[in-house]
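Topology and contacts: notes
Each chain is listed here by its residues.
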Amino acid sequence: MDITSPFFHYLKQHQSTAIRHLHLTVMMLVLLEVLLSNIMHVNKQGEIGQSTLEYVGTWAHIVVGISLVFFGSLFIIVAFKQRGFKYYFPYLCNQWQPLKSDIKLLTQLTLPESKPYGISSCIQGLGLGALCLVYITGISWFISWNLNLTLAPNLLHWHKTLTGLVEAYLVGHGVMAIVHIYNPLKLKREVIN
């Protein structure tokens, strides 16, 4: 059995073609950024590490980060245009019922299905927010670093700190996707039907 088939089948069922392609692009860019962040180095004086690996890693991280700003922004714009702000942040629009019913299912150790205004939508919204915070601080650091502003080290600190949110989201979102898509009971029911 091809282990990627259920994944792509799930995405086709729940996402438009544009969102699906942007989602996969952003996911790959974020993973690449996480990997590159481990081989880059900028010291407190704003100097890039002088080893070839650190130098190339730092500039690769910056270039991929700038492309992530573009694709991440496009992803968020298309997502909001297709589903609206309320879909991802229902609690900010006083829409609590789907979230409450999902939490109730979770307390009964039942995995809720993905639905508008539910817990999965809220988690997706938190991911979009974390992505925005990381690339806003990243691009702010890059601009202030190029202008030799004294604010640059603080922005770099915040960028690194907020990246932890995206890394935690990436792990949590990935684990939940695997549980949701490859749920053995759900797969067994689909094979029987």
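Bear in mind that the values here come from a model prediction, so they are computed numbers and not experimental data. (Residues numbered from 1 in each chain as written. Predicted model: local features only at pLDDT ≥ 70, side-chain atom pairs only at ≥ 80, totals over all residues. Heavy atoms only, no water.)

Per the secondary structure count, the chain includes eight helices and zero strands. Scanning the chain from its N terminus toward the C terminus, one meets helices and strands in the order α-α-α-α-α-α-α-α. Oriented by its inertia axes, the alpha-carbon framework of the chain measures out at about 60 × 45 × 30 Å. Going through the 193 residues of the chain one by one, you find that 33% of them count as buried. In the chain, the share of contacts with a sequence separation of at least 24, taken over all contacts with a separation of at least 6, comes to 62%. A total accessible area of about 12,000 Å² is found for the chain, and carbon and sulfur atoms account for 69% of it. Where the 13 positive side-chain charges of the chain centre and where its 8 negative ones centre are 14 Å apart. (Helix = DSSP H or I, 4+ residues; strand = E, 2+ residues; numbered from the N terminus. Buried < 20%, exposed > 50% of the residue type's maximum accessible area, 1.4 Å probe, protein only. Contact = heavy atoms within 4.5 Å. Areas by Shrake-Rupley, 256 points an atom, 1.4 Å probe, with all protein chains shown as cover. Lys, Arg positive; Asp, Glu negative; His and termini not counted. Charge placed at Lys NZ, Arg CZ, Asp CG, Glu CD.)

A separate point is the UniProt feature "domain: Cytochrome b561 bacterial/Ni-hydrogenase" (unreviewed entry) in the chain. According to UniProt, the positions carrying the feature "domain: Cytochrome b561 bacterial/Ni-hydrogenase" (unreviewed entry) are residues 15-182. Across residues 15-182, helical content stands at 75% and strand content at 0%; the span's end C-alpha atoms are separated by 18 Å. (UniProt positions renumbered as here; feature names shortened; annotations may be inferred.)

The next thing to look at is the pattern of salt bridges. Charged atoms that come close allow side chains of opposite charge to pair. Here the structure, examined in full by the defined rule, presents one salt bridge. Aspartate 102 is paired through a salt bridge with lysine 115; the nearest N and O atoms lie 2.4 Å apart. Note that aspartate 102 is positioned in helix 5 (residues 97-107) and lysine 115 in the loop between helix 5 and helix 6 (119-146), a separation of 13 residues in sequence. Given a relative accessible area of 0%, aspartate 102 falls into the buried group. (Salt bridge = Lys/Arg side-chain N within 4 Å of Asp/Glu carboxyl O.)

Another aspect to go through is the packing of aromatic side chains. Following the criterion strictly, the structure yields 13 aromatic pairs and no others. Note on tyrosine 87 and tyrosine 88: the rings are 4.9 Å apart at their centroids and 75° apart in plane angle, and the pair reads as edge-to-face. Both residues of the pair, tyrosine 87 and tyrosine 88, count as buried. Aromatic rings pair up to connect Phe80, Phe85, Tyr87, Tyr88, Phe89, Tyr91, Trp96 and Tyr117 into one cluster. For lysine 86, the ring lying beneath its charged end belongs to tyrosine 117, and the centroid distance is 5.6 Å. (Phe/Tyr/Trp six-rings, centres within 6.5 Å; stacked < 30°, edge-to-face > 60°. Lys NZ or Arg CZ within 6 Å of the ring centre and 35° of its normal.)

The next subject is a nonpolar patch on the surface. Residues Ile143, Leu147, Leu149 and Leu151 make up a contiguous nonpolar surface patch of roughly 380 Å² in combined accessible area. Mapped onto the elements, leucine 151 comes out in the loop between helix 6 and helix 7 (152-181). Under the relative-accessibility criterion, leucine 151 is labelled partly exposed at 45%. (Patch = residues over 30% accessible without salt bridge, like charges linked within 9 Å, V, L, I, M, F, W, Y side chains within 5 Å.)

For helix 2 (residues 17-37), which comprises 21 residues, the first-to-last C-alpha distance of 30 Å matches the rise-based estimate of 30 Å (1.5 Å per residue) to within 8%. Residues of helix 2 that are buried include every one of Ile19, Arg20, Leu22, His23, Leu24, Val26, Leu29, Val30, Glu33 and Leu36, and no others. Elements in contact with the buried residues of helix 2: helix 1 (5-14), helix 3 (52-83), helix 6 and helix 7. (Expected span 1.5 Å × (residues − 1).)

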